[in-house]
Amino acid sequence: MQKVIIMKRRPFRKLNWKVSALGFGVMRLPTIGGDAAKINEPLATRMLRYAIDHGVNYLDTAYSYHGGNSETFVGKVLQEGYREKVKLATKMPTWLVNSQQDMDKYLDEQLARLKTNINFYLLHGLNKERWQKLKELNVTAWAEKKIDEGKFSHFGFSFHDTYDVFRDIIDSYNGWTLCQIQYNYVDADHQAGTKGLKYAASKGLAVVVMEPVAGGRLAITPPRQVQSLWKRAKIKRTPAELALLWVWNHPEVSVALSGMSTMQQVMENVKTANCSVPPTLSQDELRFVSQLARKYKKLGFIGCTSCKYCMPCDEGVSIPEIIAFMNEFFIKQASEEVKTKYHEHIRLENQAKRCVRCGKCEQNCPQQLPIRDILSRAVWIFEHTDQQ
């Protein structure tokens, strides 16, 4: 008899509500022709509804995801009785906001796209400069007014800066319900990090974790030295499973978001969430994860040997060099210096955005790397002027 998958739930701090351990981040859905704005709606609909049917009750989207089409798509998926099964979070495009009139404009546009109410409205990608500007615009008073008007129910923020900035944002306003931070076993000391996780929870905020698998980088073929560590693991788990279980091992975490791109990822992550009650990992496994983290920080995430079997690229993309910059970028903790070097060394005609996703490079790669996805990530990191 097939084992029934029961989605585990966790406290959402201030609210008398329990959230599914796994949340669906609606930013990396399957697309058509490699165009992020063209969602493969039939497949993506099946994926989201499968997740909801198996207990996922938290969906996270934003104004900018999928070229602005994520919110509209989510609104469609939540028809036919699915809206009542989930809480919905979306985010203000803070980088576009220069007045409270802008706040009104974008919120109304988002409500029109979604065709439903918003449970959690977050300030997207706060850092020191954005928070200072929004404070001057009195964004918290604006939010309280919109809550009174019924435009959304709860207010929060997603975050990308240092721990000190994170703590200042939390301490600046008593009305936060939730915060969203980047957190995985390689980034435990980066940005808000473990200190921020514990501080937010101590203040009663629900902590939503993004990038628990480091944007998929912890799930792809790693460098050989990391692979050798995996072979010595006493308990055999998939890389994505281990990464999620490490996040769920922290009781301060309310929900871990996964930006799932395939039905297989949805099914596997839903199954893994069945084991998400702390402690999820033994002490031996936690020591093993610490070893993995040290190796990744030294070597990078991507196991490219620079054999150049992927070359030449018909479109002129400098694949091995771009992957090397990707690894350097994460070894150096998302350093702006690496972004500068990228543009100094990779000419426009050789940049990642020239990839047409033909797949020839992947057919020739002895490491079986998902090169097209890696290049898409490189575009987002190095080549977009809007980094949201």
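In case you missed it, the structure is sitting above this.
What comes next is a walk through the structure. Computed from a predicted model, the values in this text were never measured in an experiment.

A look at the overall build of the protein chain
Part 1: Check the secondary structure of the protein chain and you find 16 helices and 12 strands.
Part 2: Projecting the C-alpha coordinates of the protein chain onto the three principal axes gives extents of approximately 60 × 50 × 45 Å.
Part 3: Within the protein chain, the proportion of its 388 residues that are buried is 54%.
Part 4: A fraction of 75% describes how many contacts in the protein chain between residues 6 or more apart in sequence connect residues 24 or more apart.
Part 5: On the protein chain, roughly 17600 Å² of surface is accessible, and the fraction owed to carbon and sulfur atoms is 50%.
Part 6: Here the protein chain contributes 54 positively and 40 negatively charged side chains, and the mean placements of these two sets differ by 7 Å.

Observations concerning the pattern of salt bridges
Part 1: Counted according to the given criterion, the structure contains 24 salt bridges.
Part 2: Across the salt bridge formed by Lys332 and Glu328, the nearest N and O atoms sit 2.9 Å from each other.
Part 3: You can call Lys332 partly exposed: its relative accessible area is 38%.
Part 4: The shortest N-O distance in the salt bridge between Asp373 and Arg357 comes to 3.2 Å. With a gap of 16 residues between them, Asp373 in helix 16 (residues 371–383) and Arg357 in the loop between helix 14 (336–345) and helix 15 (360–364) connect regions that are remote in the sequence.

Examining the state of the cysteines
Part 1: Taken as a whole, this structure holds 0 disulfides when the rule is applied.
Part 2: The thiol sulfur of Cys310 is not disulfide-bonded, and the nearest other cysteine sulfur, from Cys307, lies at 6.4 Å.
Part 3: Left unpaired, Cys361 is separated from the closest cysteine sulfur, that of Cys358, by 6.0 Å.

Digging into empty space enclosed by the protein
Part 1: Following the criterion strictly, the structure yields 1 cavity of 30 Å³ or more and no others.
Part 2: Around the largest cavity sit 15 residues that line it, and Cys304, Cys307, Cys310, Cys365 and Leu369 are the ones nearest its centre.
Part 3: The residue makeup of the lining of the largest cavity, split by class, is 10 nonpolar, 4 polar and 1 charged.

Analysis parameters
Residues numbered from 1 in each chain as written. Predicted model: local features only at pLDDT ≥ 70, side-chain atom pairs only at ≥ 80, totals over all residues. Heavy atoms only, no water. Helix = DSSP H or I, 4+ residues; strand = E, 2+ residues; numbered from the N terminus. Buried < 20%, exposed > 50% of the residue type's maximum accessible area, 1.4 Å probe, protein only. Contact = heavy atoms within 4.5 Å. Areas by Shrake-Rupley, 256 points an atom, 1.4 Å probe, with all protein chains shown as cover. Lys, Arg positive; Asp, Glu negative; His and termini not counted. Charge placed at Lys NZ, Arg CZ, Asp CG, Glu CD. Salt bridge = Lys/Arg side-chain N within 4 Å of Asp/Glu carboxyl O. Disulfide = S-S within 2.5 Å. 1 Å grid on protein atoms, 1.4 Å probe; cavity = no way out; pocket = protein on both sides within 12 Å on 5 of 7 lines; lining within 4 Å. Points joined across faces, edges and corners; volume = space filled by probe spheres on them. Nonpolar A, V, L, I, M, F, W, Y, C, P; charged D, E, K, R; others polar.

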